[in-house]
Amino acid sequence: MEPESGLRSPSNPSQLSWVNLSRNLILAYQSFGVVYGDLSISPLYVYTSTFTGKLQNHQNEEAIFGAFSLIFWTFTLMPLIKYVFIILSASDNNEGGTFALYSLLCRHGKFSLLPNQQAADEELSTYKYGPTAQLARTSVLKRFLEKHKMLRTALLIVVLFGACMVIGDGILTPAMSVLSSMSGLEFYESRLTKGEVLLLVCIILVALFALQHCGTHKVAFMFAPIVIIWLASIFSIGLYNIIYWNPKIVRAISPHYIIKFFVQTGKDGWISLGGILLSITGTEAMFADLGHFTALSIRIAFVFVIYPCLVVQYMGQAAFLSKNLGALKNSFYDSIPEPVFWPVFVIATLAAIVGSQAVITATFSIVKQCHALGCFPRVKIVHTSKHIYGQIYIPEINWILMVLTLAVTLGFQDTTLIGNAYGLAYMSVMIITTFLMSLVIVFIWQKSFLLAAAFLLFFWFIEGVYLSAALTKVPQGGWAPIVLSVIFMLVMYIWHYGTRKKYNFDLHNKVSLKWLLGLGPSLGIVRVPGIGLIYSELATGVPAIFSHFVTNLPAFHQVLVFICVKSVPVPYVSPEERFLIGRVCPRPYRMYRCIVRYGYKDIQRDDGDFENMLIQSIAEFIQMEAVEPQFSSSESSSLDGRMAVMSTRSVQSSLSLVVTEEDTIGVDNSIRSSKSPTLQSLRSAYDDDTPQMRRRQVRFTLPQNPSMDPSVREELMDLIQAKEAGVAYIMGHSYVKARRTSPFLKKLAIDIGYSFLRKNCRGPAVALNIPHISLIEVGMIYYV
C-alpha cells in the first residue's frame, strides 16, 4: 500500500520511517510461512543424522558439545553472515536466486547465450543496475570472458546445474521433512509398524501435491502462524532442556569445542559433517524468495526470531542428549517433555508441510525462469493468485515431483539416507551461489579482486569441507540428487541447444528485403482483406516461413505484422514498455513488426486483449512516425525501420482512434467480422459444436481531424478495415533434423532428444494463447 503524499514529504521524516518500518514488519511476519518453513524444521533430524555410522562409537558428552559448537558456528557464518549481511544485498530489482545473479552478470557483460537480444532491450527501466562505468581491470576480465564462448557456455551450465539441484531439493525436501515429522509416531506409538507410518507419510505427500493446484494464496494465511507457533514451541522446549538437563552447554559456543571434537573423533567426525550441514538447509530460500518481500524484512525475521529460536533449540537438544545418550536415534521427539508431546507432534507435522510447500513453489519458479531463458520445454503455467504476483502452478512439473518424491520415500524409507542426498544437493547450490556472488562483487559492485577472492576462498573453504563430507555418502543415498540433476541437466541443455540451432537456421535463411521490395506493394500476389499476424522468433528480418507461404499460396493479407515474443534478462518488463513497434518495408506495403518483451518472472496472461492493444499500438506508431522525422527517413524506409516503444497507457489515452465496446454473443470476433464467404459458411457449423458465450467486442473508428496527413489517414483506415475483416495467426510448424554430415552426438541430441521434447511439450500456439480457429500453420523442415 502506498503511503499518503503527506507521509512522503520531507517535513515528516519520522512518519515516513515509521511507515517503512511497519511495512517491513508486516512483510517479516508474512515471510515466516514462505521463506523459513524449510530452515525451521531442521532440528527434527540434524542430531539423528549426525550421530550415525561410525560416529556411534563416539557417543559421549564431549562429542555432543562439539557437535553443537559446529552447528552454532555453521549457522552463524553461513545464513547470518553470508546470506543475511552480504548476498541479500545483490538482488536484481529486488529479485533473488541464482538466475537473478546470472541475469545481472549478463546485463553487465555479453555473457548471455540468448540469441535474439537487441540494443533496445538495454533501454528498459529495469535493465540498469549499479554503476555503469567499468574499471580498467574489470574490463579486461569482462572482455576475456566475452571473447571465449566456451567460458560463457560453462557459466550457463553452472547456473543450470544449480537450478537442477534446486529442483532436486523440491523432490527431497517433502520426503525428508514429512518422514522426519512422522517418525515420532513409530517410537512413541509402538502399535504402529514402520510400514504403517510409511503409508501415512505417502498419503500426506499425495495430499500435499494434490492441493498445489489451489494455489499458495488460499492457504497462505495459515502458514505464518503455524511456523511462529512452531518456533515458539521449539524455543520453549530448548530453553527448558538447557535449564533442566545441562546448563553447561552454553560453554559449547566457544570454537574450542570444535577442535576437541575433531581431535577426539578424527575422520569419523569429518564424515559426520554431512549431518551437521542439514542445520542450514533452507538458507537459500532467503535469497530465492526475495521477490515477494524486502531484504530488510527478511533480515528482521532472521536476526530477531529465527536465529535465536533455532540456536536455543539446538542448544537445548544438545543439553538433553548429553545426559541421555541413548536417545540419539530419535533425539528431537525424545527431548520433548511428555505432557506436550502430542501438541508439538501436530505442529511439527504442519510445519513440515509448510516447509515442503515453500520448496515446491520455489521449484515452479525455477522451471518458469529456465523456460524464459530458453532452457526448458514449454509447459503450462497457471497464475494462482490475482493479488500476489509470482505465485504459479505447473501441473506437469507438480505430478513429476510427486512421483519422484514418493519413489525417494519408498526407496530409502530412512531419514538418514534421504538426508545424505538432501545435504549434497543443498551444499552444491550454496557453492554455485558463492561463485556467482564473487563475480557480482567484481563486475557489478566493482570492488577489488582481493575482496572477491577473499569472499570466495573463505566460504568455499567452509562449503568445500562440508561438500567433501557429503560426497563420501554418495553410495549411501548421495547419488540420488546427482542422478536427478544429470537427468534435468540433459533435458535443459538439449532443449537450449536445439532452440539455438533452430534460431540460427532462421537467422541465416531470412528473406532478403531486396527480394521483398522487388515484388512491390502487392507482393506479386492478391492482397486479401484482413490482418495476418506472422509469429517468428526473429527480432529482425523476415522469417523463411513467409517466403515459403507466399510461394505456395496465391494470396496474402492486406496488413502484415511480424510478431516476435521474446524474453529479456530482467525479472519484469512493465506493460508500458512491453510493445516495440516498427515498420518492415515502405508505407505502401502495410507491413509492420511488433516485438513483445517479457522478463524471466513475467507471466503471459490470457486476457484476450492482445489484438486490440496491437492495433492501437500500430495506429499510435503510424501517427508518431508522421511527426518524428527520424522514423520516416529515406534510409529507414527502404530497410527495417527504427522501432519505438509504444506504451499501452499512452495508447489508451490517445485520440488517434475512437474505441467503442459492445457485448456480443458468439465464439470468435474474427469469424463474426470476416467478409470471407468460406468462413461465413463455416460459422454456423462451428456455432453448433461450440457453447455460446458473451464477449466484449471492440470496434475502432477514426475521428474527424482536418489537420491529419491524408496518407496517414489512408493508412489508419486500411488498418481499421483490416481489423474489421478479421485476424489470422500464421505460425511455422517446424520439424528440426540434424544434417546428414553431423556428428553422432549432434544427431542423437537433435533427432532423438530435441524432437522427443518438442513432441511432448506444449505447442507454441497454445503457449501463446492463440485462438485455434484463427490459426494457420506453415510446415517446414529445418536441417541444422
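All of these numbers come straight from a predicted model, not from anything done at the bench.

Conventions used here
Along each chain, residue indices are assigned from 1 in the same order as the chain's sequence is written. Residue-level local features of this predicted model are given only where pLDDT is at least 70; pairs of side-chain atoms are given and counted only at 80 or more, and the full residue set underlies all totals for whole chains, interfaces and linings. Side-chain numbers come from the whole structure's heavy atoms, not from hydrogens or water. What counts as a helix is a DSSP run of H or I of at least four residues, what counts as a strand is a run of E of at least two, and both are numbered from the N terminus. We call a residue buried when its accessible area falls under 20% of the maximum for its residue type, exposed when it is over 50%, and partly exposed in between, using a 1.4 Å probe and counting protein chains only. Only heavy atoms matter for contacts: two residues are in contact if any of them lie within 4.5 Å across the pair. Per-residue and other accessible areas were derived by the Shrake-Rupley procedure at a 1.4 Å probe size, with only the shown protein chains allowed to occlude residues. Ring pairs shown here join Phe, Tyr and Trp side chains whose ring centres sit within 6.5 Å, with only the six-membered ring taken for Trp; geometry is labelled stacked below 30 degrees between planes, edge-to-face above 60, and tilted in between. Here, the term nonpolar core denotes a set of buried Ala, Val, Leu, Ile, Met, Phe, Trp, Tyr and Cys residues that are joined through side-chain atoms within 4.5 Å. Like-charged residues are merged into a patch within 9 Å and nonpolar side chains (Val, Leu, Ile, Met, Phe, Trp, Tyr) within 5 Å, provided each residue has over 30% relative accessible area and no salt bridge. We define a salt bridge as a contact between a side-chain nitrogen of Lys or Arg and a carboxyl oxygen of Asp or Glu at a distance within 4 Å. Angles shown run from 0 to 180 degrees and are taken between the N-to-C directions of axes, each axis being a line fitted to C-alpha atoms and, for helices, limited to the stretch in contact. Angles below 35 degrees are treated as roughly parallel, those above 145 as roughly antiparallel, those between 65 and 115 as roughly perpendicular, and all remaining angles as oblique. The hand of a helix crossing depends on one turn: near helix anticlockwise from the far one by less than a right angle means left-handed, and clockwise means right-handed. Under the convention adopted here, Pro, Cys and the residues Ala, Val, Leu, Ile, Met, Phe, Trp and Tyr are nonpolar, Asp, Glu, Lys and Arg are charged, and Gly plus all remaining residues are polar. The criterion for a disulfide is a pair of cysteine sulfur atoms lying within 2.5 Å. Here the rule is simple: two strands pair whenever DSSP picks up at least two bridges between them.

## A look at the overall build of the protein
- Along the backbone of the protein there are 31 helices and 11 strands.
- Split into buried and exposed, the 784 residues of the protein put 56% on the buried side.
- Restricting to contacts in the protein with at least 6 residues of sequence separation, those with at least 24 account for 83%.
- About 33,100 Å² of surface is accessible on the protein, with carbon and sulfur atoms providing 63% of the total.

## Considerations on the environment of L77
- Inspection of the secondary structure assignment puts L77 in helix α5 (residues 61–84).
- Look at L77 and you get partly exposed, because its relative accessible area is 23%.
- Leave out the neighbours within four places in its chain, and L77 touches K82, F458, F459 and I462.

## Focus on the packing of aromatic side chains
- Within the structure shown, the criterion is met by 32 aromatic pairs.
- Pairing Y47 with Y314 gives two aromatic rings, centres 6.3 Å apart and planes at 65°, and the pair type is edge-to-face. Placement of Y47 in helix α4 (residues 46–50) and of Y314 in helix α15 (residues 295–323) is noted, with a sequence separation of 267 residues between them.
- Look at F261 and F262: their rings are 5.4 Å apart centre to centre, the planes differ by 75°, and that puts the pair in the edge-to-face class.
- The exposure class assigned to F261 is buried, which follows from its relative accessible area of 0%.
- Three or more aromatic residues joined by ring pairs form one cluster here, namely W230, F332, Y333, F341, W342 and F345.

## A short note on the nonpolar core
- Counting residues in hydrophobic clusters, the biggest one holds 168 residues, and the most contacted among them are Y36, Y47, F68, W230, I249 and F302.
- The element that contributes the greatest number of residues to this core is helix α19 (residues 415–443), accounting for 18 residues.
- With residues near it in sequence (within four places) discarded, W230 still touches S40, I41, L44, F332, V344, I347, A348 and A351.
- Counting residues in hydrophobic clusters, the runner-up holds 35 residues, among them V559, V712, L716 and L719.

## Looking at a nonpolar patch on the surface
- There is a patch of nonpolar side chains on the surface, built from I81, F85, V303 and F304 and spanning about 390 Å² of accessible area.
- Counting through the fold element by element, I81 comes out in helix α5.
- Residue I81 is classed as partly exposed on the basis of its relative accessible area of 32%.

## A short note on the packing of α5 against helix α11 (residues 256–265)
- At a minimum axis distance of 8 Å, the contact between α5 and α11 shows a crossing angle of 125°. Our classification of the angle between α5 and α11 gives oblique. Crossing of α5 over α11 shows left-handed handedness. Residues E62, A63, F65, G66, A67, S69, L70 and W73 of α5 form the contact with α11, whose participating residues are Y257, I258, K260, F261, F262 and Q264.
- Among the residues forming the contact of α5 with α11, the class breakdown is nine nonpolar, three polar and two charged.

## Describing the environment of Q623
- Within the element layout of this structure, Q623 appears in helix α24 (residues 610–627).
- Remark: the alpha-carbon pair of Q623 and E715, spanning 92 residues in sequence, is separated by 9.7 Å.

## Description of the state of the cysteines
- Throughout the structure, instances matching the rule amount to zero disulfides.
- This cysteine, C564, is not joined by any disulfide, and C594 carries the nearest cysteine sulfur, 9.2 Å off.

## Side note on the packing of helix α21 (residues 474–508) against helix α30 (residues 744–760)
- Two numbers describe how α21 lies on α30: the axes approach to 9 Å, and their chain directions differ by 100°. When the axes of α21 and α30 are compared, the pair comes out roughly perpendicular. Residues V491, I494, W495, Y497, G498, T499, K501 and K502 of α21 form the contact with α30, whose participating residues are K746, A749, I750, G753, Y754, L757 and R758.
- The residue makeup of the contact of α21 with α30, split by class, is eight nonpolar, three polar and four charged.

## A closer look at the sheet that holds strand β3 (residues 526–535)
- Taken in spatial order, the seven strands of this open sheet run β7-β5-β6-β4-β3-β10-β11, and their pairing is mixed. Bordering the open sheet on either side are β7 (644–646) and β11 (775–783), each of which pairs with just one other strand. Recorded for the sheet is a direction-independent mean angle of 30° between the axes of neighbouring strands.
- When β3 meets strand β10 (residues 727–737), the two strands line up parallel, connected through five bridges. Looking at β10, one finds that G532 is bridged to A728.
- Seen against the sheet, α24 touches β3, β4 (555–568), β5 (579–583), β6 (591–599), β7 and β10 and runs at an angle of roughly 50° to β5.

## Some words on the pattern of salt bridges
- In the structure shown here, the tally under the stated rule is 11 salt bridges.
- Residues R587 and E625 are paired through a salt bridge, measuring 3.4 Å at the closest nitrogen-oxygen approach. Taken together, the residues R587 in the loop between β5 and β6 and E625 in helix α24 connect sequence positions 38 residues apart.
- In this structure E625 comes out as buried when scored by relative accessible area, which is 4%.

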